[in-house]
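Below, each chain spelled out in residue letters.
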Amino acid sequence: MIDSREVIAFFDRLAPDWDAEMIRSDEIIAAILDKAEVSAGKDVLDVATGTGVLIGDYLARGVASVTGIDISPNMARIAQGKYPQENVKILCGDVERTDFDRLFDCVVVYNAFPHFPDPARLIARLAALLKPGGTLTVAHGMSREKIDAHHHGAASRVSNGLMPAEELSEIFAAHLTVTAVISDDRMYQVVGKKN
């Protein structure tokens, strides 16, 4: 079982060098955000926002607002420093225990899903935070095999491994209409829409 205190300590340690060591593909991120229906005028919840790695991408698409949440104080502090805009709000906390004063058009979990201890509980919670017609996406900018290999070393105590996309889509289907299931050598993504 993943211990949230270990997750916090792990990501607090990594936060200062996170942006410098980040590997990203703008093409894959664009594809992920297209399928997640992130577009102008939408309210986005960025779960496990880290240092806010996708906030710039959301803002470039003209979203109305971004709420980023991360359990690591150091990650949240860095994200806050990078995005002081009025339409960006950064929270430090556990998304499963935080009371939000609104619902969202898009909820995105990018490059973070294996660090949550109970996938079914997380998806139920996030689906409940969607407006009608809203989308939930869980995505990684690399293959499932690469994610699992990446988490095999130092991150093994704070990662469950990434479940097969088909298995995740079954969890989604209990709450949402599944609109995309992708797991190939470039990326991983499951998307669901709230009816």
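The structure contained in this document is the topic of the report that follows. This structure is a prediction, so every number in the text was calculated from the model and none was measured. (Residues numbered from 1 in each chain as written. Predicted model: local features only at pLDDT ≥ 70, side-chain atom pairs only at ≥ 80, totals over all residues. Heavy atoms only, no water.)

Moving on: the pairing of strand β5 (residues 130-140). Burial of β5 is extensive: 8 of the 11 residues sit out of reach of the surface. When strand β4 (residues 104-110) meets β5, the two strands line up parallel, connected through 6 bridges. Across the sheet, residue Tyr110 finds its bridge partner in β5, namely Ala139. For the handedness criterion, the β-α-β arrangement of β4, helix α6 (residues 119-128) and β5 is classed as right-handed. (Buried < 20%, exposed > 50% of the residue type's maximum accessible area, 1.4 Å probe, protein only. Helix = DSSP H or I, 4+ residues; strand = E, 2+ residues; numbered from the N terminus. Pairing = 2+ DSSP bridges. Right-handed = clockwise from strand over helix to strand, strands pointing away.)

Grouped together as the largest cluster of nonpolar side chains are 28 residues, with contacts concentrated most on Leu45, Val95, Phe113, Leu126 and Leu168. Among the nonpolar cores identified, the runner-up in size contains 24 residues, and Leu33, Val44, Ala76 and Cys106 belong to it. (Core = buried A, V, L, I, M, F, W, Y, C linked by side-chain atoms within 4.5 Å.)

A separate point is the side chain of Asp70. As for its position among the elements, Asp70 is in strand β2 (residues 65-70). Of the side chains bearing the opposite charge, Arg77 lies closest to the buried Asp70, which forms no salt bridge; the N-O distance is 11 Å. (Lys, Arg positive; Asp, Glu negative; His and termini not counted. Salt bridge = Lys/Arg side-chain N within 4 Å of Asp/Glu carboxyl O.)

A word on α6. Listed as buried for α6 are Pro119, Leu122, Ile123, Leu126 and Ala127. Here the buried residues of α6 occupy an arc of 130° about the axis, which is enough to place them on one side. Summarising the contacts, the buried residues of α6 are in contact with β1 (43-47), β4, β5 and α8 (165-173). (Arc of directions from axis to C-beta. Contact = heavy atoms within 4.5 Å.)

This part covers unusual backbone geometry. In this model, Ala48 sits at a positive phi of 60°, which is unusual for a non-glycine residue. Tracing the backbone through its elements, the reader meets Ala48 in the loop between β1 and α4 (55-60). The exposure class assigned to Ala48 is partly exposed, which follows from its relative accessible area of 23%. In this model, Asn111 sits at a positive phi of 55°, which is unusual for a non-glycine residue.

Next up on the list: helix α3 (residues 26-35). For α3, the full list of buried residues reads Ile28, Ile29, Ile32 and Leu33. Down the axis of α3, the sector holding all buried residues measures 130°, keeping them to one side. Exposed residues on α3 whose side chains face more than 90 degrees from its buried face are Asp26 and Glu27. At its buried positions, α3 is contacted by α4, β4, β5 and β7 (188-193). Among the residues trailing α3, Glu37 stands out with phi positive, at a value near 60°.

Summed over the entire model, instances satisfying the criterion amount to 1 aromatic pair. Where Phe100 meets Phe104, the ring centres are 5.8 Å apart and the plane angle is 85°; that geometry is what we call edge-to-face. On the basis of relative accessibility, which here comes to 18%, the residue Phe100 falls in the buried class. (Phe/Tyr/Trp six-rings, centres within 6.5 Å; stacked < 30°, edge-to-face > 60°.)

On to the packing of α6 against α8, then. Remark: α6 packs on α8, axes separated minimally by 9 Å, with the N-to-C direction vectors making an angle of 45°. If you check the angle between α6 and α8, you find them oblique. For α6 against α8, the interelement crossing comes out right-handed. Two secondary-structure elements touch here, α6 through Pro119, Ala120 and Ile123 and α8 through Leu168, Ile171 and Phe172. For the contact of α6 with α8, the class distribution of residues is 6 nonpolar, no polar and no charged. (Axes fitted to C-alpha atoms, helices over the stretch in contact; angles between N-to-C directions. Parallel < 35°, antiparallel > 145°, perpendicular 65-115°, else oblique. Left-handed = near helix turned anticlockwise from the far one by under 90°. Nonpolar A, V, L, I, M, F, W, Y, C, P; charged D, E, K, R; others polar.)

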